[in-house]
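Breakdown of the fold
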Amino acid sequence: DGGITQSPKYLFRKEGQNVTLSCEQNLNHDAMYWYRQDPGQGLRLIYYSQIVNDFQKGDIAEGYSVSREKKESFPLTVTSAQKNPTAFYLCASSKGRDSYEQYFGPGTRLTVT
Amino acid sequence: GQQVMQIPQYQHVQEGEDFTTYCNSSTTLSNIQWYKQRPGGHPVFLIQLVKSGEVKKQKRLTFQFGEAKKNSSLHITATQTTDVGTYFCAGRLTGGGNKLTFGTGTQLKVEL
């Protein structure tokens, strides 16, 4: 059963703690992406990776970090430096560069209090 | 700031009425994609448009890409309750690399 998995679905943390969101894909896609979605808003790009061991900042990278050590995995760490971390986080993947559709995971809803 | 805007932000229609959402970019797009996100779900790819003036249809959905490749529209004929959700356009900005810039989305509600 191919697709993208994100875990957990809901995550609760105290302010000041770092938290890592998981994203795994078995689609053999080269590119992976992390987006943040706030209520009633569109998707904003946090980080993306087009190949293993390489990634680029998106539009709102401050307070976040990523790694891409394996093709299948692209974890996102929300650090304590992120001022407003409560949001819905979506991971996506695509075949690669240039004009490919993106496949999204089910998302992780993070609440920081 | 946001470079891809969508209007309207919300739309309530009666079942059977038509619906249109418009997507406008401040810069030329190399291509544009449309996604649908059901309430509580994740975005799902609908279609991609590449050529200037391109029109594509999927059953009751008609997608257009403007001649200047700066705007696009999605039109749904005779809406059904299954059309409920938020529709996003997403464009690759010319000179913007390989990332997609998502529009602000239009939330569609369909009432019986």
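Please read these numbers as outputs of a predicted model, since none were measured by experiment.

The rules behind these values
- Residues numbered from 1 in each chain as written.
- Chains lettered and ligands numbered in written order.
- Predicted model: local features only at pLDDT ≥ 70, side-chain atom pairs only at ≥ 80, totals over all residues.
- Heavy atoms only, no water.
- Buried < 20%, exposed > 50% of the residue type's maximum accessible area, 1.4 Å probe, protein only.
- Helix = DSSP H or I, 4+ residues; strand = E, 2+ residues; numbered from the N terminus.
- Pairing = 2+ DSSP bridges.
- Contact = heavy atoms within 4.5 Å.
- Buried area = accessible area lost by both parts, 1.4 Å probe.
- Salt bridge = Lys/Arg side-chain N within 4 Å of Asp/Glu carboxyl O.
- Polar contact = N/O pair within 3.5 Å; in protein donor to acceptor, adjacent residues only side chain to side chain.
- Nonpolar A, V, L, I, M, F, W, Y, C, P; charged D, E, K, R; others polar.

**Examining the pairing of strand β3 (residues 19-25) of chain B**
Working note: regular strand, side chains alternate between the two faces of the sheet. Residue and element names in this part refer to chain B. Across the seven residues that make up β3, a large majority, five, are buried. Both strand β1 (residues 4-7) and β3 contribute to a ladder of four bridges, which runs antiparallel. Paired with Ile7 across the strands is Tyr22, a residue of β3. Sheet analysis places β3 next to strand β8 (residues 71-76), joined by six bridges and oriented antiparallel. If you follow Tyr22 over to β8, its bridge partner there is Ser73.

**Considering the interface of chain A and chain B**
Reports of interface size often rely on the accessible area that becomes lost once the parts have come together. Each side of the interface is counted separately: chain A has 22 residues, and chain B has 18 residues. Of the roughly 1700 Å² buried between chain A and chain B, counting both surfaces, carbon and sulfur atoms make up 48%. The interface formed by chain A and chain B includes one salt bridge. The residue Lys99 of chain B makes a salt bridge to Asp59 of chain A at a minimum N-O spacing of 3.2 Å. The interface formed by chain A and chain B holds five residue pairs in polar contact (both at pLDDT 80 or more) in total. At the level of secondary structure, the elements contributing two or more residues to the side of chain A that touches chain B comprise β4 (31-37), β5 (43-51) and β9 (87-94) of chain A. With four residues, β5 of chain A is the largest single contributor of residues to the side of chain A that touches chain B. Looking at side-chain class alone, the side of chain A that touches chain B contains ten nonpolar, eight polar and four charged residues.

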